[in-house]
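Spelled out from the first residue to the last, the chains are:
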Amino acid sequence: MERDYDVVVAGAGPAGLQCARDVAARGYDVAVLEREDEDGFPSTSNKSTGGTFPSMMASFGIPDDVVMKFTDKVVLESPNSHYTQEHPGAVLEFADFKNFLVEDARDKGAEFLFGTQVAKPLVEDGTVTGVGCAGGDEITARLTVDATGPGAVLAQKVGVIELERTNQAVGVEYEYEGVNLNPEGYADLRGAMMLRLDHGIAPGGYAWIFHTGDDTAKVGVCYIQNERYHDFDDGNTIDDYLNEWLEDDPRFENAVRIDDSNHRGSAHIQEPGSMSTAGFMAVGDTVPSVDPVWGEGINKCMRSGRMAAVTADKCLTAGIDVSEETVSTYDDLWHEEVAPRVGSRLTMTRLLYLVSNDRYDRLMKDLNSADEETLKKANNGNKRAIMKLLHLRDIPTLLKFGKQRFTG
Ligand SMILES: Cc1cc2nc3c(=O)[nH]c(=O)nc-3n(C[C@H](O)[C@H](O)[C@H](O)COP(=O)(O)OP(=O)(O)OC[C@H]3O[C@@H](n4cnc5c(N)ncnc54)[C@H](O)[C@@H]3O)c2cc1C
């Protein structure tokens, strides 16, 4: 099989699908290649909790019927304390969300080749000209977009991305019914997305409970394979950590796992270098785009898909110019529109996951007494606001972090 398109997108995740929606809406020929079969899609790629915010829903025209539960607050927990912020959100049924994106991209003119495993980039004179698939088929295009997620199937071979294992975050979750969302001594998690910082449960990462309706919730843990995790490493698998939490926490005393509700996957938490080259762009978790602090990937990935589509339009509008320089517009847009201040947020992430459980309790106290503007600015990576939340006792951690950073 040989086919030719304006744009070929490898991977039907949120990033690739949004890119295809936008490219198709501009009238270009676009094909999306997805390794899973359409029947039962998404299966292993149904990996996400799907916690998101109104800005994502509005920016990308996502309908309410893919939402399991609209939430009205975000809760942060530490071992002995918590902080609640009123903030509207939505917990998506991730599979419905992905299928909506497929249907909408199709309505706009995108072609889908399910059951197509992309294996390698095709390269001619330094320009990527399409993809080779398992089985030998070749698909050519003016522009090739790698949206295969953390596998980065094309980007690593093209040599634009080097994903490092020490920066890999892994996560697992299940859905449960019979969860007690408002027991004595805990935060009220009815209508909440809750993240828990607690090395006893998720060393070097965090755990979560996202309310999905009545007494049901998505419950999971993730950790970055960082130094803090290795301090605690006792040979437990990620599933062991989740199971121990479920056994120990009274909120799960009567909880029953809902069949077929497992979501699991990984993402890399690291600063991207270049994300493009002649004829080629990498989007979403391939880059990686996921917000390092809170793991919010959907919005970031969709935005990176959109910026790739904007770049494709620029490259294909007046004649065809897919030179490295013109395609690098995407890198500029990514840094401006997808993840501004990514360096500050990575610093915050490393600090957040290096500190002790006691410091997490103290952080909750600080958050409860800080003004909203400071918190908003700190979350956006504003250094002065971050400094306001730091204490003298943080200096050893900062030094340790600095040492790690400067010794690589
Ligand atoms: C457990 C967990 C919980 C999460 N919770 C949240 C959350 O609450 N909120 C949030 O915003 N984000 C969350 N995320 C992150 C978010 O899900 C990801 O950032 C997002 O899905 C990445 O989108 P993507 O399109 O870049 O990649 P992916 O979603 O990984 O999609 C990649 C696609 O490419 C396909 N593919 C892979 N290899 C090939 C190949 N060789 N050929 C063809 N196709 C291929 C895959 O099947 C898949 O469909 C979570 C992630 C995990 C793992």
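Further up the page is the structure itself.
Owing to the predicted nature of the structure, the values given are computational and were not obtained by experimental measurement.

Caption draft 1: Focus on the site of the ligand. E34, K47, G51, D285 and I298 are the nearest of the 36 residues found near the ligand. Within the backbone of A12, a nitrogen or oxygen atom sits 3.5 Å from an oxygen atom of the ligand. Within the backbone of P14, a nitrogen or oxygen atom sits 3.1 Å from an oxygen atom of the ligand. For the ligand, the accessible surface in isolation is 1000 Å², of which the surrounding protein chains cover 94%. Mapped onto the shell around the ligand, the elements with two or more residues apiece are α1 (14-25), β2 (30-34), α3 (94-107), β15 (263-268) and α7 (298-317).

Caption draft 2: Quick look at the environment of A187. With respect to the helices and strands, A187 occurs in the loop between β10 (168-177) and β11 (192-196). We classify A187 as buried; its relative accessible area is 2%. Spatially, the C-alpha atom of A187 lies 17 Å from that of L246, the residues being 59 residues apart in sequence. Those residues in contact with A187 that sit more than four places away from it in its chain are V75, E77, H82, L181 and N182.

Caption draft 3: Quick look at the packing of aromatic side chains. Counted by the stated rule, this structure contains 6 aromatic pairs. Their ring planes at 65° and their centres at 5.1 Å tell us that F41 and F114 sit as a pair that is edge-to-face. On the criterion of sequence distance, the pair formed by F41 in the loop between β2 and β3 (51-52) and F114 in strand β6 (residues 111-114) is long-range, its members being 73 residues apart. For the pair F41 and F114, one class covers both residues: buried. Judged by centre distance (5.9 Å) and plane angle (85°), the rings of Y223 and Y241 are edge-to-face. Pair noted here: Y223 is in strand β13 (residues 216-224) and Y241 is in helix α6 (residues 238-248), with a separation of 18 residues, a long-range link. Of the two residues, Y223 and Y241, both sit in the buried class. Its guanidinium or amino end placed over the ring of Y174, R257 lies 3.5 Å from that ring's centre, counting from NZ or CZ.

Caption draft 4: Region of interest: the pattern of salt bridges. Inspection of the entire model under this criterion finds 18 salt bridges. For D198, the salt bridge goes to R196, with nearest N and O atoms at 2.9 Å. The exposure class of D198 is buried, given its relative accessible area of 7%. D249 is the partner of R251 in a salt bridge, and the nearest nitrogen-oxygen pair spans 2.9 Å.

Caption draft 5: Structural view of the packing of α7 against helix α9 (residues 329-338). Where α7 contacts α9, the axes come no closer than 9 Å and their chain directions differ by 145°. You can see that α7 and α9 cross each other, and the crossing is right-handed. On α9, the residues touching K300, R303, S304, M307, A308, V310, T311 and K314 of α7 are T329, Y330, L333, W334, E337 and V338. When its residues are assigned to classes, the contact of α7 with α9 shows 7 nonpolar, 3 polar and 4 charged.

Caption draft 6: Geometry of the environment of G135. One can find G135 in the loop between β8 (127-133) and β9 (138-146). Overall, G135 belongs to the exposed group, its relative accessible area being 86%. Once the C-alpha coordinates of G135 and M57 are considered, the two residues, 78 residues apart in sequence, prove to be 38 Å apart.

Caption draft 7: Main features of the pairing of strand β5 (residues 82-92). The sheet contact formed by β3 and β5 spans 2 bridges and is antiparallel. The partner of G51 across the bridge, within β5, is V91. Inspection of the sheet shows strand β4 (residues 67-77) paired to β5 by 9 bridges, in the antiparallel sense. When the sheet's bridge partners are listed, K73 is paired in β5 with E86. Between the end of β4 and the start of β5, which pair antiparallel, lie 4 residues.

Caption draft 8: Unusual backbone geometry, seen in detail. That bond from F41 to P42 is cis: its omega, -5°, falls within 30 degrees of zero. Summarising the element assignment, P42 is placed in the loop between β2 and β3. If you check the backbone angles, D214 has positive phi at about 40° while not being a glycine. Mapping D214 onto the fold places it in the loop between β12 (205-213) and β13. Under the relative-accessibility criterion, D214 is labelled exposed at 74%. Despite not being glycine, D260 shows a phi value in the positive range, around 55°. Counting through the fold element by element, D260 comes out in the loop between β14 (256-257) and β15.

Caption draft 9: The pairing of β8, seen in detail. The buried count for β8 comes to 6 of 7 residues, which makes it a mostly enclosed element. As paired strands, strand β7 (residues 118-124) and β8 are joined by 6 bridges and run antiparallel to one another. Following the sheet pairing, K120 is matched in β8 by G132. Two successive antiparallel strands, β7 and β8, enclose a turn made up of 2 residues, where D125 displays a positive phi of approximately 50°. Examined bridge by bridge, β8 and β9 share 3 bridges and lie antiparallel to one another. Residue pairing across strands places G130 opposite T140, the latter belonging to β9. The turn joining β8 and β9, which pair antiparallel and follow one another in sequence, is formed by 4 residues; a positive phi near 100° is taken by G135.

Rules of the game
Residues numbered from 1 in each chain as written. Predicted model: local features only at pLDDT ≥ 70, side-chain atom pairs only at ≥ 80, totals over all residues. Heavy atoms only, no water. Near = heavy atom within 4 Å. Polar contact = N/O pair within 3.5 Å; in protein donor to acceptor, adjacent residues only side chain to side chain. Areas by Shrake-Rupley, 256 points an atom, 1.4 Å probe, with all protein chains shown as cover. Helix = DSSP H or I, 4+ residues; strand = E, 2+ residues; numbered from the N terminus. Buried < 20%, exposed > 50% of the residue type's maximum accessible area, 1.4 Å probe, protein only. Contact = heavy atoms within 4.5 Å. Phe/Tyr/Trp six-rings, centres within 6.5 Å; stacked < 30°, edge-to-face > 60°. Lys NZ or Arg CZ within 6 Å of the ring centre and 35° of its normal. Salt bridge = Lys/Arg side-chain N within 4 Å of Asp/Glu carboxyl O. Axes fitted to C-alpha atoms, helices over the stretch in contact; angles between N-to-C directions. Left-handed = near helix turned anticlockwise from the far one by under 90°. Nonpolar A, V, L, I, M, F, W, Y, C, P; charged D, E, K, R; others polar. Pairing = 2+ DSSP bridges.

By themselves, these are just geometric observations and shouldn't be taken as functional.
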